[in-house]
Amino acid sequence: EHPGRAMVFDGRYKYVHYQTGECELYDLREDPSETARLDGQPEYREERERLRIELLQHWLRNQATQLLATTREAHPFRTAMNAEWARRQKEYLPD
């Protein structure tokens, strides 16, 4: 997962869902370079919906862990995020 997007791959199809609600679907077996988007093609609707549901189920199963990782101050992920934020503030924000 990346900020603003999440992805699932089933061994053939890659589905990317963006925070905006947009999505992308690729057949990596036929198109490993991801040059042909399939998300707008009606014949791939079933694959798109199946992977969207799989991604949502994954998110729901892991929501508690994700919440813990971003809210508990002592959690290593939270500590790393805070350190990165402090570094970026010094780098990009004027004094």
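Above this text sits the structure in question.
All of the points below concern the structure found in this document. (Residues numbered from 1 in each chain as written. Predicted model: local features only at pLDDT ≥ 70, side-chain atom pairs only at ≥ 80, totals over all residues. Heavy atoms only, no water.)

Overview of the overall build of the protein
Looking only at helices and strands, one finds 2 helices and 3 strands in the protein. Residues counted as buried form 20% of the 95 residues belonging to the protein. Here the contacts in the protein between residues at least 6 apart in sequence split such that 24% fall between residues at least 24 apart. Of the roughly 7,400 Å² of accessible surface on the protein, 53% is carried by carbon and sulfur atoms. (Helix = DSSP H or I, 4+ residues; strand = E, 2+ residues; numbered from the N terminus. Buried < 20%, exposed > 50% of the residue type's maximum accessible area, 1.4 Å probe, protein only. Contact = heavy atoms within 4.5 Å. Areas by Shrake-Rupley, 256 points an atom, 1.4 Å probe, with all protein chains shown as cover.)

Some remarks on the packing of aromatic side chains
Scanning all chains against the criterion turns up 1 aromatic pair. When the ring of Tyr13 is compared with that of Tyr44, the centres are 6.2 Å apart and the planes differ by 65 degrees; the resulting orientation is edge-to-face. Note that Tyr13 is positioned in strand S2 (residues 13-18) and Tyr44 in the loop between strand S3 (23-27) and helix H1 (45-71), a separation of 31 residues in sequence. On the basis of relative accessibility, which here comes to 8%, the residue Tyr13 falls in the buried class. (Phe/Tyr/Trp six-rings, centres within 6.5 Å; stacked < 30°, edge-to-face > 60°.)

Comments concerning a nonpolar patch on the surface
On the surface, Leu56, Trp59 and Leu60 cluster together into a nonpolar patch covering about 290 Å² of accessible area. Note that Leu60 resides in helix H1. (Patch = residues over 30% accessible without salt bridge, like charges linked within 9 Å, V, L, I, M, F, W, Y side chains within 5 Å. Salt bridge = Lys/Arg side-chain N within 4 Å of Asp/Glu carboxyl O.)

Quick notes on unusual backbone geometry
A positive phi is found at Glu34, a non-glycine position, where the angle reads about 55 degrees. Topologically, Glu34 is positioned in the loop between S3 and H1. The class for Glu34 is partly exposed, based on a relative accessible area of 29%.

A short note on the side chain of Asp39
Within the element layout of this structure, Asp39 appears in the loop between S3 and H1. Since its relative accessible area comes to 15%, Asp39 is described here as buried. At 3.2 Å, the side chain of Asp39 forms a polar contact with the backbone nitrogen of Leu25. Setting aside anything within four residues of it in sequence, one finds Asp39 in contact with Cys23, Glu24, Leu25 and Arg48. (Polar contact = N/O pair within 3.5 Å; in protein donor to acceptor, adjacent residues only side chain to side chain.)

Topic: the pairing of S2
Across 5 bridges, the pairing between strand S1 (residues 5-9) and S2 is antiparallel. Bridging from a neighbouring strand, Val8 pairs with Tyr15 of S2. Remark: 3 residues form the turn of the hairpin made by S1 and S2, two consecutive strands paired antiparallel; Gly11 in that turn has positive phi of roughly 100 degrees. Strand direction decides the pairing type here: S2 and S3, joined by 5 bridges, are antiparallel. Within S3, the position partnered with Val16 by the bridge is Glu24. Adjacent in sequence and paired antiparallel, S2 and S3 are bridged by 4 residues, among which Gly21 carries a positive phi angle near 100 degrees. (Pairing = 2+ DSSP bridges.)

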